Amino acid sequence: MSSRAGLRFLQSSRFARASFKKNIGRRYQTADATAAPTPQQSTFQKLWNSPIGVKTVHFWAPVMKWSIVLAGVSDFVRPAESLSLSQNLAFIATGTIWTRWCFVIKPRNLLLATVNFFLCCVGVTQVTRIMMYQKSIEGLSAEEIVEKNAKEVANTAKGIAKDPEGAANKAVN
């Protein structure tokens, strides 16, 4: 009985390999002379029908995110003492993480990767300005400035955790 099952397996595997080898490289074309070729699409049609085209969120999300980048660029003219370190660190983190993610997801969205890269660049520029300003004012090293700002952020977070309504009122006023 066992030799018979082995023989069946051998014959079926030979058949599978033989039929697989037959189809390799075979082209299937139609014999119909009246078959029309697919029409070429214009640039607008390609953009409209693309998986990251104008009809999808994959197009409009990056377009709207450019407003954040432009707001960060407009802050280049503001004095460094009025810039927020935590906000610009968030720009760096967001830009870095999402730039990488844009190359991982399908469809790969280069428009979104571009806007996130520039968001990271804006954040790096602003954090550099803040650090240079704080270093010039206090005469501290970059490590001391980072430690000081980390303590300030931690104290703010503790205050929000203790009294969220008071923190919201303080932020509004």
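Scroll up to find the structure.
Just so it is clear, the structure is predicted and the values come from calculations on it, not from any experiment. (Residues numbered from 1 in each chain as written. Predicted model: local features only at pLDDT ≥ 70, side-chain atom pairs only at ≥ 80, totals over all residues. Heavy atoms only, no water.)

K.L.:
Even after reading the chapter, I still don't get the nonpolar core, so can you show me in this structure?
P.N.:
Counting eight residues, the largest nonpolar core consists of V69, F91, C102, L112, A113, V115, L119 and V122. Elements that contribute at least two residues to this core include exactly helix 4 (85–104) and helix 5 (110–138). Per element, the largest residue contribution to this core is five residues, and it comes from helix 5. Once residues within four sequence positions are removed from consideration, F91 is found in contact with I68, L119, C120, V122 and G123. Within the second largest apolar cluster, six residues are counted, among which are L85, V127, I130 and M131. (Core = buried A, V, L, I, M, F, W, Y, C linked by side-chain atoms within 4.5 Å. Buried < 20%, exposed > 50% of the residue type's maximum accessible area, 1.4 Å probe, protein only. Helix = DSSP H or I, 4+ residues; strand = E, 2+ residues; numbered from the N terminus. Contact = heavy atoms within 4.5 Å.)

K.L.:
Looking at this model, I keep getting lost on helix 4. Mind explaining?
P.N.:
Since the α-helix packs 3.6 residues into each turn, any two residues three or four apart lie on the same face. Taking 1.5 Å as the rise per residue, helix 4 with 20 residues should run 28 Å; its terminal C-alpha atoms sit 29 Å apart, in good agreement. Of the positions making up helix 4, those classed as buried are L85, N88, F91, G95, T99 and C102. The buried residues of helix 4 occupy an angular sector of 140° when projected down its axis, which confines them to one face. Seen from the open side of helix 4, the exposed residues pointing more than 90 degrees away from its buried face are I97 and R100. Where helix 4 is buried, its residues contact helix 3 (57–74), helix 5 and helix 6 (142–162). (Expected span 1.5 Å × (residues − 1). Arc of directions from axis to C-beta.)

K.L.:
Please explain the layout of surface pockets as it appears in this structure.
P.N.:
Which parts of space are left empty comes out when a probe the size of a water molecule is rolled across the atoms. Roughly 290 Å³ of volume is contained in the largest pocket. Residue lining of the largest pocket: 15 residues in total, with S84, L85, S86, N149 and E152 positioned closest to the centre. Every element with two or more residues in the lining of the largest pocket is listed here: helix 4, helix 5 and helix 6. The greatest single-element share of the lining of the largest pocket, amounting to five residues, is contributed by helix 6. Taken as a whole, the second largest pocket encloses approximately 170 Å³ of empty space. For the second largest pocket, the full set of lining residues is N155, T156, G159, I160, A167, K170 and A171. (1 Å grid on protein atoms, 1.4 Å probe; cavity = no way out; pocket = protein on both sides within 12 Å on 5 of 7 lines; lining within 4 Å. Points joined across faces, edges and corners; volume = space filled by probe spheres on them.)

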